[in-house]
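Observations on the model geometry
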Amino acid sequence: MAKMRLLLVALLQLLDRCHTVPRFSNGFLYHDIFNNNGNGEISYNGVQLHVASDQTSVFTSRGGNVTLPCRYWYEPPLSSPRRTRVKWSWQPITGGQESDVLVAIGNRLRTFDRFHNRVHLREDSVGDVSLEIVGLHLNDSGRYRCEVIDGLEDQSVPIDLELRGVVFPYQPHHGRYRLTFSMAQQACEEQEAVMATFEQLYTAWEEGLDWCNAGWLADGTVQYPITLPRLPCGGWGLAPGLRSYGPRHKHAHRYDAFCFSSSLKGKVYYLQHPHKLNFSEATQACGDDAAHMAKVGQLYAAWKFTGLDQCDAGWLADGSVRYPITNPRPNCGPMEAGVRSFGFPAPRHKHGVYCYKAEPKPFGEEIVTA
Ligand SMILES: *[C@@H]1O[C@H](CO)[C@@H](O)[C@H](O)[C@H]1NC(C)=O
Ligand SMILES: *[C@@H]1O[C@H](CO)[C@@H](O)[C@H](O)[C@H]1NC(C)=O
Ligand SMILES: *[C@@H]1O[C@H](CO)[C@@H](O)[C@H](O)[C@H]1NC(C)=O
């Protein structure tokens, strides 16, 4: 540090003799930061860069738009503007490497990869570099970092983006404990969901999730949530909580999955139909209603976020039969809210069906044919 300073002193003295104002390639003027007091001494003029956010975490839902607040300022305020570089980066909720989201220098702005065309800076006022993200994906959650770089200074602040959602256990049609880590990942995606994180499962457990089958989490550990200790689920002796098998071998070991789904665009509904349907008829019936069969993640999201309550078992796209209950009552399963499952009956069995429409038509827009 001292060496560096000496070098700078020497450099500036040299430059001073040349009577020029040195302009460096990043467009940054040394002249702005260093005051030459005329005695050959140079002192830092004490201007300090600050970067802050008024929120450390932001909760939102899938499909929505979100603003991650961030601003910077100087103390004392600058007499003339400086050229700064603003960089937003992102680390997935599952950890791993930080990657670039957006870089802005003056009016020039570059966005990266998955955030391409989905992010911009708000710039409501001087120093406002809040990040706006539109059309949030389930996998956009994680730790964002707002960084301002100004020649010699570099300040940053992290903001966590979390999605409101619902965790559900998933077991494929061929039975219990059949999924490797990557198969579990794929199984969640096929149900319009992503693998749950430890924090998400923990929150679900706090809200009452009790499930006696172990499932993969996004961090590669295998766990299950128990609210009522019992013999087959870790025994009586253990307190309620998440039972963990710890990290498991991602290729060799097989378990179920815990998936995470967030709120929906669109609508899940129980199809009103004159009679019960086998699986292929059910597929057709949703199609005839300009919809698709609902996926498990969609049914859970509808149950959690729109209070879908229907005491009728119905087919879902994966071949399982379930129904959602928000107001428990006799003859609709246990006296607690939840999505009930009948597993995967033979496709010839007859049930109702849950369909999903991406954009529900408002009433009165039905096409009337003469
Ligand atoms: C999100 O922003 C886009 C573009 O600004 C806009 O078209 C869309 O309606 C917004 N969505 C919501 C849910 O506000
Ligand atoms: C994230 O989710 C979006 C939308 O569901 C999907 O298109 C994209 O492939 C996902 N990206 C990754 C890295 O999983
Ligand atoms: C469902 O019923 C139809 C007749 O309505 C039949 O053609 C079809 O094979 C049945 N599908 C299954 C999976 O049983």
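Let me sum up the structure you'll find in this document. (Residues numbered from 1 in each chain as written. Chains lettered and ligands numbered in written order. Predicted model: local features only at pLDDT ≥ 70, side-chain atom pairs only at ≥ 80, totals over all residues. Heavy atoms only, no water.)

It is worth spelling out the pattern of salt bridges at this point. Within this structure, the stated rule accounts for 15 salt bridges. For Asp309, the salt bridge is made with Arg329, and the minimal N-O distance between the two is 2.8 Å. Of this pair, Asp309 sits in the loop between helix H6 (296-306) and strand S22 (314-315) while Arg329 sits in the loop between strand S23 (321-325) and strand S24 (338-341); the two residues are 20 residues apart in sequence, bridging distant segments of the chain. Accessibility expressed as a relative area gives 21% for Asp309, which makes it partly exposed. (Salt bridge = Lys/Arg side-chain N within 4 Å of Asp/Glu carboxyl O. Helix = DSSP H or I, 4+ residues; strand = E, 2+ residues; numbered from the N terminus. Buried < 20%, exposed > 50% of the residue type's maximum accessible area, 1.4 Å probe, protein only.)

Those residues of helix H5 (residues 279-288) that fall on the buried side of the exposure criterion are Ala282, Ala285 and Cys286. In an axial view of H5, the angular spread of the buried residues amounts to 95°, which keeps them on one side of the axis. Along H5, the residues that are exposed and aim more than 90 degrees away from the buried face are Ser280 and Asp288. Structurally, H5 contributes buried residues whose contacts are with strand S21 (292-293), S22 and strand S25 (352-357). A distance of 3.2 Å separates the backbone nitrogen of Ser280 from a side-chain oxygen at the start of H5, and that oxygen is part of Asn278. Phi for Ala290, located one or two positions after H5, is positive at around 55°. (Arc of directions from axis to C-beta. Contact = heavy atoms within 4.5 Å. Polar contact = N/O pair within 3.5 Å; in protein donor to acceptor, adjacent residues only side chain to side chain.)

Looking now at the packing of aromatic side chains. All told, the structure shown has 16 aromatic pairs when counted by the stated rule. Taking the centre distance of 4.8 Å and the plane angle of 10° together, the rings of Phe168 and Tyr300 count as stacked. Within this pair, whereas Phe168 is found in strand S14 (residues 165-170), its partner Tyr300 is found in helix H6, the two being separated by 132 residues in sequence. When sorted by exposure, Phe168 lands in the same class as Tyr300, which is buried. Positioned above the aromatic ring of Phe115 is the side chain of Arg114, whose terminal nitrogen or guanidinium carbon lies 5.3 Å from the ring centre. Taking the ring centre of Tyr177 as reference, the NZ or CZ of Arg176 above it sits at 4.2 Å. (Phe/Tyr/Trp six-rings, centres within 6.5 Å; stacked < 30°, edge-to-face > 60°. Lys NZ or Arg CZ within 6 Å of the ring centre and 35° of its normal.)

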